[in-house]
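Architecture at a glance
Residue strings, one per chain:
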Amino acid sequence: MLNALAYENWALHALIWLPLLGMVHVLWAAEDRAKWLALRWSLLVFVLSVGLWWAYDPALGGGYQLESSEPWIATWGVNYALGLDGISLFMVMLTTFTTPLAVLGSFNYIKKRQKPFYALMLLLEVGVVGVFTAVDLFLFYVFFELTLVPMYFIIGIWGGERRVYAAIKFFLYTAFGSLLMLVGILYIYARGKALLGVTSFAFVDLLQIPLTPGEQMWLFGAFALAFAIKVPVFPFHTWLPDAHVEAPTPGSVVLAAVLLKMGTYGFVRFLLPFFPVAAQHPSVVTLMLVLGVVGIIYAAWVAAVQPDAKKLVAYTSVAHMGFVVVGIFALNVNGLQGGLLVMISHGISTGALFLLLGMLYERRHTRLIHEFGGIGRVAPWLATAFVITALTSIGLPGTSGFVGEFLALVGAFEDHPGIGIFATTGVIFAAYYMLPMVQSIFFNALEKPENQAVQDLSRREVAILAPMIALMIVIGVHPTPLLRKMEPSVQMVLERVYAAAPPSAAVIESDPDVSGFETAE
Amino acid sequence: MQAAGLEEPQVAWEPLLPGLIILLPLLGFAINGALALSAARKSADAVRAGGEFDFLENGRPASHSLPTWVGPGVMLLAFLLTLVNFVGMLGAELHEPVIRSYWTWIATGDLNVAAAIQLDQLSMIMMMIITGVGFLIHVFSVGYMQDDPGYPRYFAYLNLFVFFMLVLVMGASYPIMFIGWEGVGLCSYLLIGFWFSDEEKASAGKKAFIVNRIGDLGFLLAIFLLYLVFQQVDYVGVFGDAEAVFVYGGPVITTVTLFFLLAATGKSAQIPLYIWLPDAMAGPTPVSALIHAATMVTAGVYLIARSSVLFALAPLTSALVAGIGVLTALFAATIALKQQDIKKVLAYSTVSQLGYMFLGVGVGAYTAGVFHLMTHAFFKALLFLGAGAVIHSMHHALHHTHKDWDAQDMRNMGGLKAYMPITWATMWLATLAIAGIWPFAGFFSKDEIIWMTGAMAGAENAPYQGLYTVYWILALAAAMMTAFYMARLMVMTFHGENRTGSREVEHLHEAPKTMWIPLAILAALSVFGGWVNVTTDLRESVLGGFGFLPMSEWLHGWLEPVTEAAHQIQETHLGELAHAAPLGGGEVAWGLISTVAALSVVLVTARLLGSRKVAVAVEDTEPTGLSRILFNKWYVDEFYHRWVVDPILTTSRVLWRVVDAKIIDGTVNLLGNVARAAGWVGSLLQTGQTNTYAFFFTVGVLVILAMIGLQG
Amino acid sequence: MLAESLVLAGVIFVLGTLGVIVRRNVIIMFLCIELQLNAVNLTFVAFSRFVGIEGQLFVFFVMTVAAAEAAVGLALIISIFRHYETVNVNHFNLLKW
């Protein structure tokens with residue numbers, strides 16, 4: 001059926017331009033129609049994106065599919081080129097899945113200036129989908145920076161008390177990293193021109209450029225800084241708690257579910273394949289793994305003592321991204337797939353957590369944990385949804401959170417057992433930060449009369465949460481289809497990394513004899 | 001295992017719908033869960049309006065009557081299905097496990113974990129215990145939780161627990177076991193904190209989950225290490241090659257087994273991670289019976305029994321397992337001596353008996369450990385349910401007269417024998433069983449463990465000989481303490497004068513049928529359950545009825561296909577085990593000695609405590625000296641709080657306020673402020689004065705002229 | 001001859017520039033600007049002796065522009081004076097940050 005519609009030719013374009021059209025439509029329409037229009041457009045985009053699951057065929061190998069390329073700025077070799085592989089497939093679908101849910105979650109939350117808000121949400125979707133589908137480096141950068149603008153406004157206009165500070169901090173911090181990346185991009189372009197006579201920003205062309213190890217190292221640093229701030233990797237994480245706390249609920253949802261993934265996507269898409277020598281250099285690997293582990297444990301400990309529930313969840317994002325970083329820089333199939341799966345699971349579960357916190361905020365106008373207590377008695381469905389989501393977040397087996405973490409840890413342990421051990425302690429600390437919050441909000445005595453008046457989930461809220469919870473369980477019980485789909489692309493990335501390894505280097509494959517363990521003769 | 005070329009006659013055995021056994025409790029969870037959610041809505045509306053939704057007054061809605069049939073119903077079906085399969089397996093003489101794989105759970109390039117179950121003798125016996133005892137406890141719960149507004153939610157959680165427990169014992173690989181492992185931890189959390197409006201109870205659930213998670217860390221690390229060595233993590237794959245791959249006593253296998261030991265101590269409440277179990281008594285008593293006596297806490301023992309091959313290859317770890325077991329057995333027994341809450345006594349008793357199971361599997365007597373697991377399930381479940389009946393009755397009485405006393409405090413009981421004769425009788429049977437008195441179930445299982453410990457001490461090439469002798473002595477000591485504290489419990493609760501109060505007495509009554517019938521069944525099992533595994537020596541003697549009665553080492557033979565690999569390894573490396581106890585004397589002699597000693601302790605205790613005056617809880621004085629230390633559980637919780645929990649919390653706060661806020665964020669803000677300062681400096685140029693601008697204008701022109709001049 | 005003229009013109013120009021920079025009275029600043037313009041005129045005339053008649057022609061242009069600029073400038077000053085009641089240029093500082 002998809003072939004009959006020539007789906008491959010227009011799908012990716014539609015996913016980028018339809019939200020833009022939607023944005024124009026929203027700006028044109030009346031104020032009270034804005035949210036419904038936004039919902040319809042984002043749902044349309046989602047429905048169209050579902051076809052990607054069948055359109056992308058992993059049996060064809062891990063390369064790009066659904067490709068298209070139009071010249072854009074010909075003199076510089078910039079093309080409007082899009083493509084999809086096993087890795088970006090899930091990022092795009094996560095985006096198109098989360099956006100309508102975030103829009104639906106904004107209905108009661110955003111009361112004034114609705115038109116610009118929903119327009120900005122749609123613009124955000126344009127930018128993010130563009131980031132994940134661009135196969136031209138210039139185009140990628142444009143979309144990457146584009147996402148900053150709507151997010152800045154969303155935080156700065158509809159946010160909480162310190163919204164201006166948070167918005168500016170978010171914008172400047174992330175943009176600063178990107179600037180260094182821009183220098184790197186231009187340098188690569190210049191080298192390409194000089195060494196190969198090619199004026200192009202297309203990935204496929206840039207990957208051919210033979211960069212010296214020295215060049216690779218500093219380029220790695222430039223790109224890594226940009227993405228590390230985005231992920232965020234400790235110690236570049238401090239913009240995230242402020243941004244999340246001050247952002248309005250739907251802003252937080254999209255920020256956590258989707259924007260953060262752009263950073264880790266950058267690690268996988270650029271750092272590993274473009275700069276393989278640097279990526280597997282022992283000091284680089286060690287540094288990234290250590291930062292990942294520090295992120296897991298440090299963020300968990302800091303999260304546990306936060307009085308503000310949203311800030312707590314913000315720090316848990318840092319912790320989860322720590323698992324992703326550890327998985328990625330394990331540089332093996334298990335770790336990389338685990339990292340990607342954690343990205344998907346985190347997007348859904350943390351998105352749901354923010355939505356739930358937003359629902360609590362709409363009812364009680366506070367985010368402070370100690371203001372609650374006993375909510376489980378008056379809002380049992382909300383409590384149930386929250387507990388299930390919390391369990392996914394801490395990686396209970398049977399939920400999507402477990403599979404990703406498990407694989408990432410296996411991958412890390414394979415080649416770096418010490419790191420693996422420390423990273424695994426993260427599972428203890430996850431319970432340490434999550435359960436007390438759950439108890440303080442939903443259990444304990446129902447003392448305050450304001451809490452007694454809290455309403456349970458409305459139909460709209462159930463409609464938002466049900467698909468998310470369903471996905472959390474389905475992916476937890478049957479992750480194989482996802483794993484199978486992403487595997488060829490993951491293998492391709494890793495092959496590039498391994499291919500650049502000098503023969504004598506200590507790149508440890510998952511071979512027990514090499515790992516140095518005692519075996520019986 | 002089989003000599004090449006010889007084919008043992010094996011009746012091909014097709015299990016009957018094994019997957020359904022697991023699905024039935026899950027179905028029960030789904031139905032009861034849906035009922036609970038709808039009931040919760042009504043209840044929530046009522047609370048918002050200012051009151052409580054009284055399910056009794058308004059007539060019992062479907063949401064509260066359906067679970068009565070669904071909850072125990074799915075359990076009965078699961079049990080019957082298990083029974084059919086058990087009988088089938090009995091006749092089949094299985095030598096290899098039967099594996100049924102349903103779908104691929106995790107498949108990456110290198111790792112493949114199937115959603116598969118493994119049916120062999122070990123998993124089958126566990127399934128029988130779980131579904132059988134579980135069913136009885138479900139029936140008991142119908143009566144016990146009748147008046148609780150959370151009735152459907154209770155059964156939903158209980159069904160979910162059984163589902164996860166079955167996954168745990170039926171899984172064909174360590175990751176699948178881990179699903180069940182964490183899943184039962186989750187249900188334990190939900191059920192301990194069942195009455196979640198009470199902060200103490202909710203916190204107890206939270207404590208259980210977090211402490212369990214520390215053990216889970218060990219489980220995960222063990223899986224990773226096994227994966228590193230074997231590239232696969234299913235039982236057949238790992239155990240088949242284990243002996244060839246691992247060096248006996250080598251560092252790798254020792255590390256793997258130590259990680260598993262960490263996991264087991266968490267789940268089975270051994271030192272140092274037992275602290276959650278006594279707090280877990282906050283949950284409804286049938287929960288304590290099912291989860292914290294009969295099934296979940298035995299998961300650690302099951303893990304070690306299942307991994308018997310691995311532990312047999314790691315003598316250091318096995319010695320540690322046994323040591324932790326016997327120390328915990330003794331340690332917990334000392335605490336139980338001085339507890340006043342009836343459930344706390346039973347909780348510490350459970351910890352102690354689990355220690356015995358650990359001791360059993362630690363000395364390589366895997367069958368003995370599982371045997372004690374089984375008998376303990378019978379008599380401990382009985383004891384907890386009986387205590388539940390007592391508490392239920394006490395609650396009723398105290399509620400009627402609005403007396404503000406603790407219904408679980410034994411000092412407020414006394415003389416209940418007259419009012420609850422069935423409970424009294426069945427609990428005495430269980431007490432005799434747990435004290436290890438012949439001919440009750442506990443005698444055979446506990447005796448075998450202690451005997452095997454002694455045998456290990458005298459083995460030909462025993463690694464740490466003196467150590468096992470010490471274990472043996474400690475085990476005997478703990479057994480005597482067990483007899484004492486259980487007798488004390490019985491005397492304080494059922495004998496002597498009633499202390500509850502003259503007005504309350506008329507409301508004390510026996511439990512309803514749904515509650516005492518399971519008691520009776522469990523009592524029968526506690527009495528006769530031990531005869532399935534009488535060792536050869538005992539059988540011929542007076543203790544075995546001189547061979548008249550139809551008893552046998554059935555369990556040993558049954559579990560042989562699962563344990564023989566480990567036993568062979570043990571025989572190869574440790575030589576023959578001793579046939580006499582460390583202090584001399586055969587099995588029969590020591591069986592007699594221990595029975596007589598235990599019986600004496602019970603009788604003496606009954607005599608001494610029976611005549612002593614006990615003050616009711618509100619009037620009692622604080623204990624002093626050693627009693628005080630024992631009553632306060634050796635201050636272990638306080639120790640953990642001071643040295644583990646609080647430091648972590650303090651460090652967390654410091655990390656937040658100092659490192660994150662001041663140092664890291666401070667740097668970020670500093671950069672921002674520097675930029676602003678530079679901007680402010682620059683803005684000083686903007687004076688608004690025309691003269692200034694004219695000045696700079698002139699200077700600029702001069703500079704340009706100069707540059708032109710220099711160039712030209 | 002040329003050198004002296006240029007020096008004279010230069011001195012007058014510098015005096016004019018300094019006056020623009022230093023003086024506070026806006027009318028005096030205008031006078032100094034006129035000084036600068038006249039210094040330029042002098043330079044043109046001095047050079048015209050050697051280059052051609054165009055130098056003197058240009059002086060006419062400059063004078064015309066100077067006159068026009070003075071007229072407009074004084075009109076502006078009167079307008080500002082009506083608002084500020086002063087001709088002290090230091091008080092006209094609304095264009096600062």
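Just so we're clear, the structure is a prediction, and the values are computed from it rather than from any experiment. (Residues numbered from 1 in each chain as written. Chains lettered and ligands numbered in written order. Predicted model: local features only at pLDDT ≥ 70, side-chain atom pairs only at ≥ 80, totals over all residues. Heavy atoms only, no water.)

Considerations on the packing of aromatic side chains
Residue and element names in this part refer to chain B.
- One pass over the full model with this rule turns up 73 aromatic pairs over all chains.
- Note on tyrosine 174 and phenylalanine 239: the rings are 6.3 Å apart at their centroids and 90 degrees apart in plane angle, and the pair reads as edge-to-face. With tyrosine 174 in helix 5 (residues 174–192) and phenylalanine 239 in helix 7 (residues 235–245), this residue pair connects regions lying 65 residues apart in the sequence.
- Here the guanidinium or amino end of arginine 153 rests over the ring plane of phenylalanine 194, the centre of that ring lying 4.2 Å away.
- A cation sits over an aromatic face here: lysine 446 above tyrosine 356, 5.0 Å from the ring centre. (Phe/Tyr/Trp six-rings, centres within 6.5 Å; stacked < 30°, edge-to-face > 60°. Helix = DSSP H or I, 4+ residues; strand = E, 2+ residues; numbered from the N terminus. Lys NZ or Arg CZ within 6 Å of the ring centre and 35° of its normal.)

Describing the interface of chain C and chain B
- In this assembly, 13 residues from chain C lie in contact with 12 residues from chain B.
- In this assembly, chain C packs against chain B so that about 950 Å² is buried in total across both faces, 55% of it on carbon and sulfur atoms.
- Put simply, chain C and chain B have three residue pairs in polar contact (both at pLDDT 80 or more) between them.
- No other element matches the four residues that helix 1 (residues 2–22) of chain C contributes to the side of chain C that touches chain B. (Contact = heavy atoms within 4.5 Å. Buried area = accessible area lost by both parts, 1.4 Å probe. Polar contact = N/O pair within 3.5 Å; in protein donor to acceptor, adjacent residues only side chain to side chain.)

Here we look at the interface of chain A and chain B
- Taken together, the contact pairs 76 residues of chain A with 62 residues of chain B.
- For the chain A and chain B pair, buried surface summed over both sides reaches about 6500 Å², with 68% attributable to carbon and sulfur atoms.
- Between the two partners, chain A and chain B, sit two salt bridges.
- Across the pair aspartate 456 of chain A and arginine 41 of chain B runs a salt bridge whose closest N-O atoms are separated by 3.5 Å.
- On inspection of chain A and its partner chain B, the count reaches 27 residue pairs in polar contact (both at pLDDT 80 or more).
- It is helix 20 (residues 426–442) of chain A that contributes the most residues to the side of chain A that touches chain B, 10 residues altogether. (Salt bridge = Lys/Arg side-chain N within 4 Å of Asp/Glu carboxyl O.)

Regarding the arrangement of the chains
- The chain pair with the greatest number of contacts, out of two pairs of chains in contact, is formed by chains A and B.
- Spatially, chain A is disjoint from chain C: no contact exists, and the shortest C-alpha separation is 21 Å.

A few points about the domain arrangement of chain B
- Partitioning chain B into structural domains gives domain 1 (1–172), domain 2 (173–631) and domain 3 (638–711).
- Domain 1 of chain B and domain 3 of chain B are separated by 63 Å when their C-alpha centres are compared. (Domains from an automatic or database assignment.)

Considerations on the pairing of strand 2 (residues 78–84) of chain A
Residue and element names in this part refer to chain A.
- Strand 2 sits mainly inside the fold: six of its seven residues count as buried.
- Across six bridges, strand 1 (residues 65–73) lies against strand 2 in antiparallel orientation. Note that in strand 2 the partner of isoleucine 73 across the bridge is valine 78.
- Taking the residues that link successive antiparallel strands as the turn, the strand 1-strand 2 hairpin has four residues, and the phi of glycine 77 there is positive, at about 75 degrees. (Buried < 20%, exposed > 50% of the residue type's maximum accessible area, 1.4 Å probe, protein only. Pairing = 2+ DSSP bridges.)

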